[in-house]
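Each chain is listed here by its residues.
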Amino acid sequence: MLSKNTEKKLQRKIRRCQQLIGAETGITFSDSPTKNIAVCNAGLSTGLRQEVLLEEVLAHNPGQLEDVYLPVGKSYCFLLFDSCESSQRVSQAMNGISRLGQDECVLLMAFVEEVPSYNTEVTEELPAGLIVSRDFIDESFEKMLMQSVNWDEEDCGTLKHRRVRHFGYEFLYGTNNIDRSKPLQQNIPKELDSLWEKLKQQHPNLSWHVPDQLTVNRYEVGQGIPPHVDTHSAFQDPIVSLSLGSDIVMDFRNTKGCHVSVDVPRRSLLIMSGESRYGWTHGITPRKMDTIKMGKSLSVRRRDVRVSFTFRKLNDGPCRCNFHALCDTFLEEKSSCRDHLLENAAQVELENVHKVYNEIAKHFSETRHSPWPKVEDFLSSLNAGSLLLDIGCGNGKYLGLNKSLINVGCDRSDGLLKVCAERGFQVVQSNCLALPFRSSSADACISIAVIHHLATEERRKKSVSEMVRVLKPAGRALIYVWAKNQEANLKKSSYLRQNKQNRKSKNEEVPVVQQGSPNDNQATVLPVHTNRTQFQHQDLLVPWKLRNVESQKADPPKVTFLRYYHVFEENELEQLCNTIGGITIEKSYYDQGNWCVIFKKN
């Protein structure tokens, strides 16, 4: 029982903490008991561990705690109980008494109405493709496997967090990969062959059943392994792991912020396939106890020495999965593509933009006749007599829409400018990176489907800067670029709908094929897009097929030209414009597969 003087000091400290936490989170504290308690002075940033807190809470209130929230990087946390009586019992037993605070300070507790929500989504649903096959082996087989590994041999490795042995190939933890040129003399023990027949019988849908690499890890109590994903290009799908000696909780996280704690019992086989293999990291938090769900309540379970047998099958080529954020093949190709564009931007634009549009100008013009309604609305909003510059005017389909304007177009393509001239439009040949117009001379600019043909961010910025330069103060500009996501707002763009298959069912991601560019007969690192499908890369070549009019055949074959595109992520165009300075963005929106921005010059 606390003295009155100690109780007063305690309440003053708690009130100071309440003010700070309330200002940061917006939560409401209560003088009366509620089902929720805020631990005001202890959290992850003070070194508090969930299982240690949970063990003491359960000692005073067994089986009545429903959840624990420890916000990342914070010096406070929250306890959620099934009733006010349970929370009040814990508060009376621990508030100002339990020494789990930093440097063994006593915990300061307070009741709260609601617990704040956090960005990290914790779910009990397993990641797609993850299978926990319980009791995959019996106790006798487990004992035999545990005894079969000699941890005293010279080739037994010791890592910071555990001891490890390898068979077939050494698993290199620095890269989560293997060196194919250095196979080991120790093959996977024959005693394990029976596992693959059983795996094949239980899960015939799996793509392989006999591995050629095995890693055996020995975890002492309190040891773990950092979150990681086994290198995509190195190993096939799935990866399987046999857990021996102790139950364990394994943490899975994806790039969207979802976190799943998976209970892996001893003698179970963990199968990571599909999304769980490629799109989630997995790891084991180093601690001596695990927090586990028991019905609606939480409990703790002490760990024992654990041995895992992790089996992998080597891959024969690059990875072509759809989970790009964790894919080494995709990231390496993206990096290689970026380097190539930085070194050869002007040449890429010459070969895969300027020359192509000269070749396809007539056919391209025949397919470009309907103006975008929102572009037409922008033009209609301009005052009569305004000077409009259409940067990259193409066949001039926007130059004659508002006849009350002074319309001037510019384009790089000789063929498209010829079409404009034949239609009586005022046009001039120029590159959008260096406009042949005086500074502060135009009332408005439009750039429709142009700057996505520029091969680097700096060149795209330069083009927008040129538009800002030629605009008068208060002049306005409209920019359209292709969006990488052609299904924003859950609606397929007209580009996707032109694929008949897309009208019938949801379009699946199509593998990207690496090939040389037929425009210059030189190899290219840029991926070639499959038309009328979702974009898989930001920098790519989009085919344009044109019939060979010089062919003598009745049904002349088509010639394929490859156009370079940088397709934009959401907010990318707006962010690019904001780096220019001297402008105010009036509107940013998505329109039929395009990201669009309207800005005004200050």
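All of the points below concern the structure found in this document. (Residues numbered from 1 in each chain as written. Predicted model: local features only at pLDDT ≥ 70, side-chain atom pairs only at ≥ 80, totals over all residues. Heavy atoms only, no water.)

## A short note on the state of the cysteines
Item 1. In total, this model carries 0 disulfides according to the counting rule given.
Item 2. Here Cys17 is not cross-linked by a disulfide; its sulfur's nearest cysteine counterpart is in Cys40, at 5.3 Å.
Item 3. The class of Cys17 is buried, set by a relative accessible area of 16%.
Item 4. Distance from the sulfur of Cys420, which forms no disulfide, to the nearest cysteine sulfur (Cys393) is 4.0 Å. (Disulfide = S-S within 2.5 Å. Buried < 20%, exposed > 50% of the residue type's maximum accessible area, 1.4 Å probe, protein only.)

## A look at the packing of helix 2 (residues 50–60) against helix 3 (residues 84–94)
Item 1. It is the contact of helix 2 with helix 3, at a shortest axis distance of 9 Å, that shows an interaxial angle of 110°. If you check the angle between helix 2 and helix 3, you find them roughly perpendicular. Of helix 3, the residues touching helix 2 (which contributes Leu53, Glu56, Val57 and His60) are Arg89, Val90, Ala93 and Met94.
Item 2. Across the contact of helix 2 with helix 3, the residue classes tally to 5 nonpolar, 1 polar and 2 charged. (Axes fitted to C-alpha atoms, helices over the stretch in contact; angles between N-to-C directions. Helix = DSSP H or I, 4+ residues; strand = E, 2+ residues; numbered from the N terminus. Parallel < 35°, antiparallel > 145°, perpendicular 65-115°, else oblique. Contact = heavy atoms within 4.5 Å. Nonpolar A, V, L, I, M, F, W, Y, C, P; charged D, E, K, R; others polar.)

## Brief notes about the environment of Gly317
Item 1. You can see Gly317 is positioned in the loop between strand 19 (306–312) and helix 7 (328–366).
Item 2. With 84 residues separating them in the primary sequence, Gly317 and Ser233 have C-alpha atoms 6.6 Å apart.

## What to know about the pairing of strand 24 (residues 471–482)
Item 1. As paired strands, strand 23 (residues 442–448) and strand 24 are joined by 6 bridges and run parallel to one another. Directly across from Ala442, in strand 24, lies its bridge partner Leu471.
Item 2. With 7 bridges connecting them, strand 24 and strand 28 (residues 594–601) associate as antiparallel partners. In the strand pairing of strand 28, Arg476 is matched with Lys600. (Pairing = 2+ DSSP bridges.)

## Some points on helix 10 (residues 457–470)
Item 1. With 14 residues, helix 10 should reach 20 Å at 1.5 Å per residue; the first-to-last C-alpha distance of 20 Å fits that figure.
Item 2. By the burial criterion, the buried members of helix 10 are Arg460, Lys461, Ser463, Val464, Glu466, Met467, Val468 and Val470. (Expected span 1.5 Å × (residues − 1).)

## Some details on unusual backbone geometry
Most peptide bonds are trans, and most residues other than glycine sit at a negative phi.
Item 1. Cis peptide bonds are those with omega within 30 degrees of zero, and the linkage from Asp237 to Pro238 qualifies with 10°.
Item 2. With respect to the helices, strands and loops of the structure, Pro238 is situated in the loop between strand 11 (225–228) and strand 12 (239–244).
Item 3. Phi is positive for Asp103, close to 55°, though the residue is something other than glycine.
Item 4. Mapped onto the elements, Asp103 comes out in the loop between helix 3 and strand 5 (109–112).
Item 5. Residue Asp103 is classed as exposed on the basis of its relative accessible area of 72%.
Item 6. Even without glycine at this site, Asn571 takes up a positive phi of about 75°.
Item 7. Considering the arrangement of structural elements, one finds Asn571 in the loop between strand 26 (558–566) and helix 13 (572–578).
Item 8. Taking the relative accessible area as the measure of exposure, Asn571 reaches 39% and is therefore partly exposed.

As far as function goes, none of this settles anything; it's purely spatial.
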